[in-house]
Amino acid sequence: MRYIVLLIFCCLLEPSIVLTSPWLPEKGKFKASSSIYITDNEASKAFKEESKVSAVMINAAIARLNQERYHYNNDPNLTAEAKANRNKMIDQAIHNLKTDQSYMRRHYPKRQYSQMLEYGVNDKYSLGFKVISVDEVNFLNKHRTYDWFQLFQKIKIYQNRKYMLSVQPSIMVYKSPGCSDDFAAEMRFLFGKVKKHKWGKTFNNIEFAHGVAGGSQVFDLNYTTALESKRGNILMFQSFNHFQPKADRIYQKTTLEQISIAKPFIIDNYGVSKKITLQAGYFYEFSISSAKLINRGLLISLWLEM
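This structure is a prediction, so every number in the text was calculated from the model and none was measured.

Mind showing me how you'd approach the packing of aromatic side chains here?
Aromatic ring pairs: the centre-centre distance and the angle between the two ring planes describe each pair. One pass over the full model with this rule turns up six aromatic pairs. Summarising the aromatic geometry, the rings of Trp23 and Phe203 are spaced 6.2 Å apart at their centres and angled 90 degrees between planes, so their arrangement reads as edge-to-face. Pair noted here: Trp23 is in the loop between helix H1 (2-12) and strand S1 (30-39) and Phe203 is in strand S7 (residues 200-213), with a separation of 180 residues, a long-range link. Relative to Phe149, the ring of Phe129 lies with its centre 6.0 Å away and its plane at 25 degrees, an arrangement referred to as stacked. Of this pair, Phe129 sits in strand S3 (residues 125-138) while Phe149 is found in strand S4 (residues 143-159), placing the two residues 20 residues apart along the sequence. Using a relative accessible area of 34% as the deciding quantity, one classes Phe149 as partly exposed.

Okay, here's the thing in structure tokens:
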């Protein structure tokens, strides 16, 4: 059960990879970002009702198991050993149901916060870290929080005027409610292409990642396409596809799609130039394996290059 929770947590963090890019910061410069993802009100109401129904169903299942226990304990044809073994099985089943109720069924996503900082060590390497906090709530308005920290290195493999290829190994540590700290590792391959047009330029990124979390394999296949006008305004579409073969059925195959617009601003402060970009958009996350909506809502991000 613990590993299922950790895998679900990895899935919930999926929107954070919006900031992944094959391009490194320039030597001696920083890239920083801060983002928030907010589940919209209609989705929150639907998730709240679903979690309430799930909690009621689990309570009914627990009541049936206790009734079954009563019948077994009062059956004169069963030996004391048989009753003890059956009681042990029922206790375990009830424990599993209560664990599901506590960790999975009664909570739904509310907000996600992320902060990232990346530093260009030289022309070929960069170092960075990312901190993410995920807030979930149940139909009783009780909150729980997941905290996640990632340390990564980005290595440039190839670059010319149009193309960029880089790799990004990373290690992660995260804390989930009721569980001790756990670790994950990932290798991400990033390919980017930029093409100039008379009305601006386009960016296309493709990513493939293989990771291990809680002893289970995790795979990502992501795509980003963006159109930047000559004035710097950016229209962006992104598709994030996540595969976890050993996860709960809902999270075995998921896709998150988002569309956003971004506006950059250049600020000169005492001879130091800073580029600030504000991004706003809408995201939609869906379980392919169970044909179920997982989350949807608004995103707001602030990027800083200095």
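Would you explain a nonpolar patch on the surface in this entry?
Residues Ile157, Tyr158, Leu165, Met187, Phe189, Phe191, Ile206, Phe208, Leu221, Tyr223 and Phe243 make up a contiguous nonpolar surface patch of about 960 Å² in total accessible area. Among the elements of the structure, S4, strand S6 (182-197), S7 and strand S8 (216-229) are those that each provide at least two residues to the nonpolar patch. No other element matches the three residues that S6 contributes to the nonpolar patch.

I would appreciate a short explanation of the confidence of the model for the protein chain in the present structure.
One rule of thumb: low pLDDT means the predicted coordinates there are not for detailed reading. Confidence in the prediction of the protein chain, expressed as mean pLDDT, is 82, and 87% of residues score 70 or more. Highest mean pLDDT in the protein chain belongs to strand S9 (residues 234-243) (92); lowest belongs to H1 (40). Within the model, pLDDT remains below 50 along residues 1-19, and this stretch shows 74 contacts once partners closer than five positions in the same chain are excluded.

How should I be thinking about the nonpolar core in this particular structure?
The nonpolar side chains of soluble globular proteins are, as a tendency, buried together. Counting nine residues, the largest nonpolar core is built from Ile132, Val134, Tyr146, Trp148, Met172, Tyr174, Ala184, Ala213 and Val218. Put simply, the parts of the chain that give this core at least two residues each are S3, S4 and strand S5 (163-175). In this view, Met172 contacts Trp148, Phe149, Gln150, Asp182, Phe183, Ala184, Ala185 and Glu186; residues no more than four positions away in its chain are not counted.

I keep staring at the pattern of salt bridges and nothing clicks. Help me out?
Side-chain pairing between opposite charges can occur once the charged atoms of the two side chains come close. As enumerated under the stated definition, the model contains ten salt bridges in all. Between Glu68 and Arg86 there is a salt bridge, and its shortest N-O distance comes to 2.0 Å. In this pair, Glu68 is assigned in helix H2 (residues 41-73) and Arg86 in helix H3 (residues 80-105), connecting sequence segments 18 residues apart. Of the charged contacts in the structure, one is a salt bridge between Arg188 and Glu186, with a shortest N-O distance of 2.9 Å. Looking at Glu186, the relative accessible area reads 15%, which means it is buried.

The rules behind each value
- Residues numbered from 1 in each chain as written.
- Predicted model: local features only at pLDDT ≥ 70, side-chain atom pairs only at ≥ 80, totals over all residues.
- Heavy atoms only, no water.
- Phe/Tyr/Trp six-rings, centres within 6.5 Å; stacked < 30°, edge-to-face > 60°.
- Helix = DSSP H or I, 4+ residues; strand = E, 2+ residues; numbered from the N terminus.
- Buried < 20%, exposed > 50% of the residue type's maximum accessible area, 1.4 Å probe, protein only.
- Patch = residues over 30% accessible without salt bridge, like charges linked within 9 Å, V, L, I, M, F, W, Y side chains within 5 Å.
- Areas by Shrake-Rupley, 256 points an atom, 1.4 Å probe, with all protein chains shown as cover.
- Salt bridge = Lys/Arg side-chain N within 4 Å of Asp/Glu carboxyl O.
- pLDDT = per-residue confidence, 0-100.
- Contact = heavy atoms within 4.5 Å.
- Core = buried A, V, L, I, M, F, W, Y, C linked by side-chain atoms within 4.5 Å.

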